[in-house]
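Residue-level structure breakdown
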Amino acid sequence: MEIPKQYEPKEVEGRWYPEWEASQYFTPEKQTNPAAPVFTMVIPPPNVTGYLHMGHALNHTLQDVLARWRRMNGDRVLWLPGTDHAGIATQMVVTRQLAAEGVDRRDLGREKFLEKVWEWKAHSGGTIQKQMRIVGDSVDWSRERFTMDEGLSKAVLEVFVRLYDEGLIYRGEYMVNWSPGLQTAISDLETEMKPVKGNIWHIAYPVKDGAEGDSTTSRSERVDLAEAYAALNESEAKSGLLKTAQGTFIVVATTRPETMLGDTAVAFNPEDERYAELKDKKAVLPLVGREIQFIQDNLVEKDFGTGLVKVTPAHDPNDFAMGKRHGLEFIQVISKEAKITDAAPEKYRELDRYAARKAVVADLEAAGLLLKVEDYTHNVGHCQRSGQVVEPLISTQWFMKMQPLAEPALQAVLDGRTKIIPEGVSKIYCGWLENIQDWCISRQLWWGHRIPAWYTPDGEIIVARNEAEARERLVQQGKDVNTVLTPDEDVLDTWFSSALWPFSTLGWPEQTEDLKNFYPTQVLVTAQDIIFFWVARMMMMGLKFMGEVPFSTVYINALVLDPHGQKMSKTKGNVIDPLEVFDKYGTDAARFALTAASTAGLTLALQDSKLESSRNFANKIWNATRFVLMNCGEILEDQEPLEWETKLSNPTLADRWILSRLQSATSEVNSALTEYRFHEAAATLYQFFWNDFCDWYIELSKPFVTSTEISDENTAVKRRIIYILERSLCLLHPLMPFITEELWQRLPHKGETICLKDFPQAVARDEQAEREMELFTGIVSKLRNIRSTFNIAPSVKIKAQLATSDEASKAVMTAMTDQIIRLARLESLELVEAIAAQKGSVRDVLSGIEIAVPLEGLVDFDKERERLKTTVTKLSGEYEGLQKRLSNQDFVARAAAEVVAQSQARSAELEEQIAKMKVVMENL
RNA sequence: GGGCAUAUAACUCAGUGGUAGAGUGCUGCCUUCACACGGCAGAAGUCACAGGUUCAAAUCCUGUUAUGCCCACCA
């Protein structure tokens, strides 16, 4: 035949997306029913510099499953795509590229540089959009957005100005996380705490305590402070207060000795009586000579270290807070370049912070003031982007006041207006909002939304949507309209514009049709690492500016781990490229594997075995269709629509059964996807298609379908098999769009896409058919088991007898006699009233049906005894358990009547079966 | 230090208050006219540990242990 035996994804996949896109199947306008429900999702915008990684592959697959499923259900689906300008990442990429050409960004200047970035975006951007087409993302490209688009930028200005006018955005001088590598402030979220192996240095500061308080004692008279300190700490009275002949010293411990150059106090806990006497004294800062005060602050733990803390208000967040509380001097000794400033003694100036650390330690040691050095591992803030150690610095930045915005965002999740899945994640979300800190929103970058603020020569700030409005505001304040206005140089954190994404993409602040139609969205599918960065902030902004939650459900997809359950990382070298996976196994198979692995957990290890079984599944679908195409030619020519009901004039058991199975698969898929139980949808489809449809229904249809005779019966079977196949392809399409479209169009649907076909809707199941079919498959399996146990070659036909007193069972066996003969490879099948004890006959029992297979001379009695024994043991185990339960009065009295009845029925059935088996064993 | 998860077959994971399931792997048979990326038949689990609730617990509660993730200002 012309259809290959193996499915070749590469032959098929590239073909369909261009057609779908050109036909605009993915715009909500394709759905013409105005009453159809709306289903909106906005894509988490990938970085414009980005390329598709495994996380995207999973995230996009799940969104696409939902979008295609809802679309086939008749919804007006809008899945809105777009990209993020990714301030820091993009600026870094272009800066690096320019550097490779020997051009320094600063020489180029801001305007020229920005031109280069736009140029870069035009030429090198768009990678991810191409990759999204490979995955099959059914997004509406006509509505694609970029966070730096004109419309979205307008939204950013509007939000900034409104929040500023409300006092929710402010500018101020605070301690921020400074990235010396990027030369910009970064937010707390962009700072990653990582354990770093370092030291903790114990340093003595002389105390100036009146008469003998002279630390400049000459070398010869010097006391060994280190020894004294060691002695003191071996004694019971651990303390950092060292009284020696040479004078009094206090001992502080620090992980960053270089910051001592900026110390302006030493702190201890107000309740720490050991140091009460120091309250009004002064210490002399070594190497610097500055006199510094003692302060008392609850922040200091009595029991940690010596209980004395050096305070560097300009270089440590805690010390900054203490500095504010106690009105200390803020001396900046480390610069934005992470070098020592002119505020420090001359010999340290211009030294890098780590060189300065060495120098300071060396000098303290020389002065005999370094008392102890311990190894110490502590958490140090690192810049997420550059990887450099963050320097806490005091700097003037823009901040957003978060508390008033966080409150409604918290409430919306608590009262269920927005549901976060999985449940545990909503607790993380709530916890963060409850302890929210103000957000540093300004960045010292060029690429991004410029902060809409201007400064007058006397330092006044004017915030406005543009310069003209700024001048209007000047006039309103009674100032000269021609005042020189200097624009703010900074840009906004990338996440500022992303926070507006669910409504800015739909046209806000204009009241567009799209905004009215598609906001709020139904579901956001995203990854856990951006819950704070993005999800929480969208919630805040959506509630603030739209007055409604931006999405009713947030589904957090799993983190994709490598096959060994390890987090993927470049340093570990275990990063899996999704495009390689698609290439190796096929896109549909990879999508299916990802969906099947999307359980309730927060992680997902991508196993090769899962990918292989998914690939095999695609092949199974291919071959099942191949079978139909090869055998049902004349039906496929027929243009009559394939409606099951009208053709079902004389349904067989198999027909009723497969229809019932289809119904239950349909209803399970629908409810699984409604509740975001993706794996369940995948498992249901896999089992239905493979185990029910292929293993049984197709097998049962073979005598009719492969028959060359044209009869009404044969034609009816062919029609039914095509019907079930088509329904199956529709069910599978959201998960496996390419292969299903390909096969759909090979069936008589030329030019009709499967993308817009009706998703099957479940009707009632036929439980009787399912029960009867179970009986049939049970008999066939038992007979096959006997064949297998005694190694009967497939070519050898055997005889069999069945006996039962149950009328319904008899009817099934009668109707299915031919099929039992065929599937169990029998010579003949006899239905008898009772089976007589026969020598050399193998026996079995199945729910009231006795089976006998005469195997004169072929039976190995030991084997048979063993086979029967295993069966009896298994049944007896269950029977005894039930007996034990039923003899328990409490069970009979308290358990649900239904459960008791069920147990009794099962028990009786088992009793009969075991009795029969025992007779068989005795007769052996 | 706080919080959130997770512990089930060799591996990766589902699962439900009524004595356990899948995929892969494993064993045996089969190159039977859709598919060896296949078919058929099998073996395999004190459902982490210890208590408690219940007629009944792998499933609910408590504690323990182990692992993972997130948050946090211990110098």
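Position numbers for residues count from 1 along each chain, tracking the sequence in the order it is written. In the order they appear in the text, chains get letters beginning with A and ligands get numbers beginning with 1. Per-residue local features are limited, in this predicted model, to residues with pLDDT of at least 70; the limit for side-chain atom pairs, both in listing and counting, is 80 or more; totals at the level of whole chains, interfaces and linings are taken over all residues. Excluded from the side-chain calculations are hydrogens and water; all other atoms, namely the structure's heavy atoms, are used.

Some points on the nonpolar core
Most often, soluble globular proteins keep nonpolar side chains buried together rather than apart. Nonpolar cores were defined as sets of buried Ala, Val, Leu, Ile, Met, Phe, Trp, Tyr and Cys residues, with membership established by side-chain atoms within 4.5 Å. For each residue, the accessible area found with a 1.4 Å probe, counting protein chains only, is set against the maximum for its type, and the residue is called buried under 20%, exposed over 50%, and partly exposed in between. Counting 130 residues, the largest nonpolar core has Phe-693, Phe-776 and Ile-820 as its most contacted members. Aside from chain neighbours lying at most four places away, what touches Phe-693 is Ala-624, Ile-658, Phe-688, Ile-698, Ile-721, Ile-724 and Leu-725. Among the nonpolar cores identified, the runner-up in size contains 62 residues, and Ala-406, Ala-409, Trp-501 and Leu-506 belong to it. Whether two residues are in contact is decided by their heavy atoms: any pair within 4.5 Å suffices.

Here we look at the side chain of Glu-772
The way it works is that DSSP assigns letters per residue, a run of H or I at least four long becomes a helix, a run of E at least two long becomes a strand, and they are numbered from the N terminus. Locating Glu-772 in the fold gives a position in helix 27 (residues 767–789). Within the local environment of Glu-772, its side chain forms a polar contact with the side chain of Arg-656, the two groups lying 3.2 Å apart. Definition of a polar contact: a pair of N or O atoms within 3.5 Å, with one able to donate and the other able to accept a hydrogen when the atoms are protein atoms, and with sequence-neighbouring residues admitted only if both atoms are side-chain atoms.

Section: the packing of helix 19 (residues 587–596) against helix 20 (residues 608–631)
Taken N-terminus to C-terminus, the directions of helix 19 and helix 20 make an angle of 125°; their axes are 8 Å apart at the nearest point. Considering the angle they form, helix 19 stands oblique to helix 20. For the crossing formed where helix 19 meets helix 20, the hand is right-handed. Contacts from Ala-589, Ala-590, Phe-592 and Ala-593 in helix 19 reach Lys-610, Leu-611, Ser-614, Arg-615 and Phe-617 in helix 20. Three classes are used: nonpolar for Ala, Val, Leu, Ile, Met, Phe, Trp, Tyr, Cys and Pro, charged for Asp, Glu, Lys and Arg, and polar for all others, with Gly counted as polar. Across the contact of helix 19 with helix 20, the residue classes tally to six nonpolar, one polar and two charged. Here, axes are lines fitted to C-alpha atoms. For helices the fit covers the stretch in contact, and angles between N-to-C directions go from 0 to 180 degrees. Oblique is the label for any angle not covered by the other classes, which are roughly parallel (under 35 degrees), roughly antiparallel (over 145) and roughly perpendicular (65 to 115). By definition, any crossing whose near helix is turned counterclockwise from its far helix by less than a right angle is left-handed, and any crossing with a clockwise turn is right-handed.

Digging into helix 1 (residues 9–22)
Listed as buried for helix 1 are Pro-9, Val-12, Glu-13, Trp-16, Tyr-17 and Trp-20. End-on, the buried residues of helix 1 take up no more than an arc of 120°, which puts them together on one face. The exposed set on the far side of helix 1, more than 90 degrees from its buried face, consists of Lys-10, Glu-11, Gly-14 and Ala-22. Looking at the buried positions of helix 1, the neighbouring elements they touch are helix 2 (54–72), helix 6 (127–135), helix 18 (578–585), helix 19, helix 20 and helix 26 (737–746). Once helix 1 finishes, Gln-24 follows within two positions and takes phi at roughly 55°, a positive value. Arc definition: directions from the helix axis to the C-beta atoms.

Describing the protein's contact with RNA strand B
Residues in contact with RNA strand B amount to 60 residues; listed here are only the nearest, Gln-6, Thr-599, Arg-626, Gly-877 and Arg-894. Here a base nitrogen of RNA strand B and a side-chain polar atom of Lys-620 are 2.8 Å apart. Elements represented by at least two residues in the surface near RNA strand B include exactly strand 9 (247–254), strand 14 (370–383), helix 12 (423–434), helix 20, helix 24 (678–705), helix 27, helix 29 (861–886) and helix 30 (889–894). For the surface near RNA strand B, the leading source of residues is helix 20, giving twelve residues. Residues of the surface near RNA strand B, tallied by class, amount to 21 nonpolar, 22 polar and 17 charged. Any residue with a heavy atom positioned within 4 Å of a molecule or strand is treated as near that molecule or strand.

Digging into the packing of aromatic side chains
Two aromatic rings, taken as a pair, are described by how far apart their centres are and by the angle between their planes. When two rings of Phe, Tyr or Trp (its six-membered ring) have centres within 6.5 Å they constitute a pair, described as stacked for plane angles under 30 degrees, edge-to-face for angles over 60, and tilted for the intermediate range. Within the structure shown, the criterion is met by 34 aromatic pairs. On the numbers, 6.3 Å between centres and 10° between planes, the contact of Phe-617 with Trp-690 is stacked. A residue pair is termed long-range when its members are at least 10 positions apart, and Phe-617 in helix 20 and Trp-690 in helix 24 qualify at 73 residues. You can call Phe-617 buried: its relative accessible area is 0%. Each residue in the set Phe-592, Phe-617, Tyr-686, Phe-689, Trp-690, Phe-693 and Tyr-697 is aromatic and connected to the rest through ring pairs, giving one cluster. Two limits define a charge over a ring: the Lys NZ or Arg CZ must be within 6 Å of the ring centre, and within 35 degrees of the ring normal. Sitting above the plane of the Trp-446 ring, Arg-105 keeps its charged end 4.7 Å from the centroid. Looking at Arg-133, its charged tip hangs above the ring of Trp-141, at a distance of 3.9 Å from the centre.

Some remarks on the sheet that holds strand 29 (residues 841–846)
Sheet architecture is open: four strands sit in the order 28-27-30-29, paired in mixed fashion. The open sheet has two free edges, formed respectively by strand 28 (826–832) and strand 29, since each of these has just one partner strand. In this sheet, neighbouring strand axes are inclined to one another by 20° on average, regardless of whether the strands run parallel or antiparallel. Relative to strand 28, strand 27 (residues 798–803) runs parallel, the two sharing six bridges. Among the inter-strand pairings, Ala-803 is bridged to a residue of strand 28, identified as Val-832. The strands that helix 28 (residues 807–823) touches are strand 27, strand 28 and strand 30 (849–854); relative to strand 28, the one it contacts most, it runs at about 170°. If DSSP finds at least two bridges between two strands, the strands pair.

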